[in-house]
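Chains, contacts and geometry: an overview
Listed below, chain by chain, are the residues.
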Amino acid sequence: MKKTPVFLESLVTNMLRLRAICPFSWRVFQFRPISCEPLIIQMNKCTDEEQMFDFIERNKAILSEKQVGCAFDMLWKLQKQKTSLLKNAEYVRDHPQFLTLHNLATNKFKLMNDDTLVNVLYVTQQFDIKLLSEFSSCLADQHLYFSPLMGKIADIVHRNLETTQDLSSLSVLMVNISSLISRHFQQQLVNKTELLFDTIDSSEVNVAKSIAKFLRNVRYRYQPLLERCNNVFLSNVDHLDLDSISKILSVYKFLQFNSFEFIIMAKKKLTEMIPLCNHPASFVKLFVALGPIAGPEEKKQLKSTMLLMSEDLTGEQALAVLGAMGDMESRNSCLIKRVTSVLHKHLDSYKPLELLKITQELTFLHFQRKEFFAKLRELLLSYLKNSFIPTEVSVLVRAISLLPSPHLDEVGISRIEAVLPQCDLNNLSSFATSVLRWIQHDHMYLDNMTAKQLKLLQKLDHYGRQRLQHSNSLDLLRKELKSLKGNTFPESLLEEMIATLQHFMDDINYINVGEIASFISSTDYLSTLLLDRIASVVVQQIEKIHPFTIPAIIRPFSVLNYDPPQRDEFLGTCVQHLNSYLGILDPFILVFLGFSLATLEYFPEDLLKAIFNIKFLARLDSQLESIGGMDGTQQQIFKMLAEVLGGINCVKASVLTPYYHKVDFECILDKRKKPLPYGSHNIALGQLPEMPWESNIEIVGSRLPPGAERIALEFLDSKALCRNIPHMKGKSAMKKRHLEILGYRVIQISQFEWNSMALSTKDARMDYLRECIFGEVRSCL
């Protein structure tokens, strides 16, 4: 029977307790023998394990900590000389003197330096890797993720990865060393995990949880492994408790991994737990996990129960509840008031990142309370004046920029300037967004500060360009792109970013093509060189690309409305590679894939069959969300159109077409180009099946009087066009095609034209609308 875990527990527990109490090493005060060399020389003369064990038995009373370490070393050297490593390892591990050596190490751990201690662990783990994983967990429990000891453990794992066969222990080690590993080592661990995954039983939930947690820690949305972990969770869902479900959902949310089946099962199981959770700690965990996926009745029950428990919440629990309310888009004023009351009491104890979360959620939930925000601002500024870490400074600055009065004084600006040379692209992008918010706010109140803020923007631009120009590896750049949102990246740096990616274009391959494609999708920047390279990589390396990466690869071509030179070969290769997986894709992903291909006017038969069948539509129906109403700008345009057309009964807003395209505004002209009021001249509404959601948007049919025409007016915001050129993106182009098929005359007006100097007055805009509707057909492009 293995006894090493007992040794480990005693060794590690005592060591960490001692070091926690006495951070200063007292090893220097310990008397040691003048020389231990003679015993070490005797050890080196041993030719087999029996001689070593005899030596240990004879000298156990006088061995020093250094000699104990040498004894472990010598045993491993002898072990490596054997032809049957596994058989001999069992012999050594079960020998009575091996336990004696363990006990000696336990007694002398206080005198061991880190190198000796890790060396002992390294040798021992050759006989049982579980020992090393348990030791790493002990360090993790003490939050020593960046300690030299953890670094040495990571090195041990790296050197022994090829021979490691125990995925259970390896998965624990992967989680604990995840903060220290390189991208190359990360990929090696992922590859090893894939090789060993089939060696574990389908009931090994803890192993799957550790693997998923590792992927979360390293921010790696690796679909193949996530799918395999998800299958383990699905097959064991009856045995998952609240804590496990909560953690799995948290990982899925962070990695943006969609599993419709798991969410349905989790929702059912969590709903059954509502009456069973009667303690704040367990109910908060349930509220956070179930709230965002619950139905209306369950949400109502959760909120009413939380109201009763709210006064007993801790600061940490109140923060978790606030985050869940944001995810639920719940603006329950009573619950918000109760939760913020708890937050206010504990505000001094929150860290900068937590204060940012509080600010974000309260802003989103439209919370307004001056005294709360005043204290929050005071805390943020206090942290900012004493912070020198770039990421922390960017977090604090971002939080301040979201406050009702986001102004930052010269001290704050100088703090930003001090950390700029150490900032990565994410920090610089965050700073730029915050500064732009200040300029927008301060322009109305403090004109004298705007010049300093503009100067700060110039410095941000300088350091951003410098960082991009000094990039020497696509892999390092990818690491920064992972958490960088292209649509918020400063306009001045976007072109430089694209140029940098083009510089590394030859390094795009099957490993990184999905990440690069996803980033380009978010930039709204059309680079034909990059898209052509992506298409080429896919055609040439399709066998090495995981099928679930295909939707992300197709997306930039759809979003940016671009056909590569080998369009048919590229799209055909993508669809063929994905065909056998259509039945297991998440409904949303499958619909968005169909949507992406439709914008490119590509309609594969197998995909259409997969989408348009009763079973799939039933799955999709449960995920549909309701559609919103008309905003202030639309109301202003609606009044102008009513004047142009002769009355509010001659124009309709937010019209839903028979195929569920939403049209901003619709009007009808007879054959003499005179507006027709709705409800007259026998204009009939089409009879359509009842919608699966409630909506106040009118569904319009296609029957019109002879010679009449139906006109759709679409106002395109900046998101409808590429950022670098006036090229219409795929979604708007496809919508125009579909509306024309339905018989509409489509008038598309861009916000740039609508907000131009030429249309700066109401009269100019009215004349423009008359020309569009009654004159020549006008478009924004």
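Below, the structure is looked at part by part. (Residues numbered from 1 in each chain as written. Predicted model: local features only at pLDDT ≥ 70, side-chain atom pairs only at ≥ 80, totals over all residues. Heavy atoms only, no water.)

This next bit is on the packing of aromatic side chains. Throughout the structure, instances matching the rule amount to ten aromatic pairs. When the ring of Phe233 is compared with that of Phe262, the centres are 6.3 Å apart and the planes differ by 55 degrees; the resulting orientation is tilted. Here Phe262 lies in helix H15 (residues 260–273) and Phe233 lies in helix H13 (residues 223–235), a separation of 29 residues in the sequence. Exposure class is identical for Phe233 and Phe262. Each is buried. Their ring planes at 65 degrees and their centres at 4.8 Å tell us that Tyr252 and Phe257 sit as a pair that is edge-to-face. In terms of burial, Tyr252 and Phe257 fall into one category: buried. Taken together, the ring pairs connect Phe233, Tyr252, Phe257 and Phe262 into an aromatic cluster. Arg216 extends its terminal NZ or CZ atom over the ring of Phe254, reaching a point 4.2 Å from the ring centre. Over the aromatic face of Phe364 sits the side chain of Arg331, whose NZ or CZ is 4.9 Å from the ring centroid. (Phe/Tyr/Trp six-rings, centres within 6.5 Å; stacked < 30°, edge-to-face > 60°. Helix = DSSP H or I, 4+ residues; strand = E, 2+ residues; numbered from the N terminus. Buried < 20%, exposed > 50% of the residue type's maximum accessible area, 1.4 Å probe, protein only. Lys NZ or Arg CZ within 6 Å of the ring centre and 35° of its normal.)

Turning our attention to the packing of H15 against helix H16 (residues 280–290). Axis separation between H15 and H16 bottoms out at 10 Å; the angle between their running directions is 150 degrees. Here H16 runs roughly antiparallel to H15, going by the angle between their axes. Of the two elements, H15 crosses H16, and the hand of that crossing is left-handed. Contact with H15, carried on its side by Lys267, Leu270, Thr271 and Met273, involves Leu286, Ala289 and Leu290 of H16 and no other residues of that element. (Axes fitted to C-alpha atoms, helices over the stretch in contact; angles between N-to-C directions. Parallel < 35°, antiparallel > 145°, perpendicular 65-115°, else oblique. Left-handed = near helix turned anticlockwise from the far one by under 90°. Contact = heavy atoms within 4.5 Å.)

What follows concerns the sheet that holds strand E4 (residues 744–750). Overall, mixed pairing links the four strands, which are arranged E1-E2-E3-E4 in an open sheet. Since the sheet does not close on itself, it has two edges, and those belong to strand E1 (652–656) and E4, each with one partner. Each neighbouring strand pair of the sheet contributes to a mean axis angle of 40 degrees, computed without reference to strand direction. When E1 meets strand E2 (residues 662–669), the two strands line up antiparallel, connected through four bridges. Across the sheet, Leu656 pairs through a bridge with Lys662, a residue of E2. Across the sheet, helix H36 (residues 730–741) touches E2, strand E3 (709–716) and E4, and the angle it forms with E4 is around 155 degrees. The strands touched by helix H38 (residues 762–774) within the sheet are E2, E3 and E4, with E4 carrying the most contacts at an inclination of about 150 degrees. (Pairing = 2+ DSSP bridges.)

This next bit is on the pattern of salt bridges. Tallied over the entire structure, the rule returns 26 salt bridges. For Asp524, the salt bridge goes to Lys729, with nearest N and O atoms at 2.8 Å. Placement of Asp524 in the loop between helix H28 (513–523) and helix H29 (528–541) and of Lys729 in the loop between E3 and H36 is noted, with a sequence separation of 205 residues between them. It is possible to trace a salt-bridge network through shared partners that takes in Asp243, Lys247 and Lys285. (Salt bridge = Lys/Arg side-chain N within 4 Å of Asp/Glu carboxyl O.)

As a further point, take the side chain of His661. Along the polypeptide, His661 turns up in the loop between E1 and E2. Side chain to side chain, His661 and His738 meet in a polar contact 2.9 Å long. Setting aside anything within four residues of it in sequence, one finds His661 in contact with Val655, Leu656, Lys735, His738 and Leu739. (Polar contact = N/O pair within 3.5 Å; in protein donor to acceptor, adjacent residues only side chain to side chain.)

Before going further, it helps to spend a moment on the nonpolar core. Among the nonpolar cores identified, the biggest contains 114 residues, and Leu286, Phe287 and Ile358 are the most heavily contacted of them. For Leu286, the residues in contact, after removing those within four places along its chain, are Leu242, Leu270, Met273, Ile274, Cys277, Gly291 and Leu302. If you look at the next biggest cluster of nonpolar residues, it comprises 55 residues, including Leu425, Leu477, Leu481 and Leu493. (Core = buried A, V, L, I, M, F, W, Y, C linked by side-chain atoms within 4.5 Å.)

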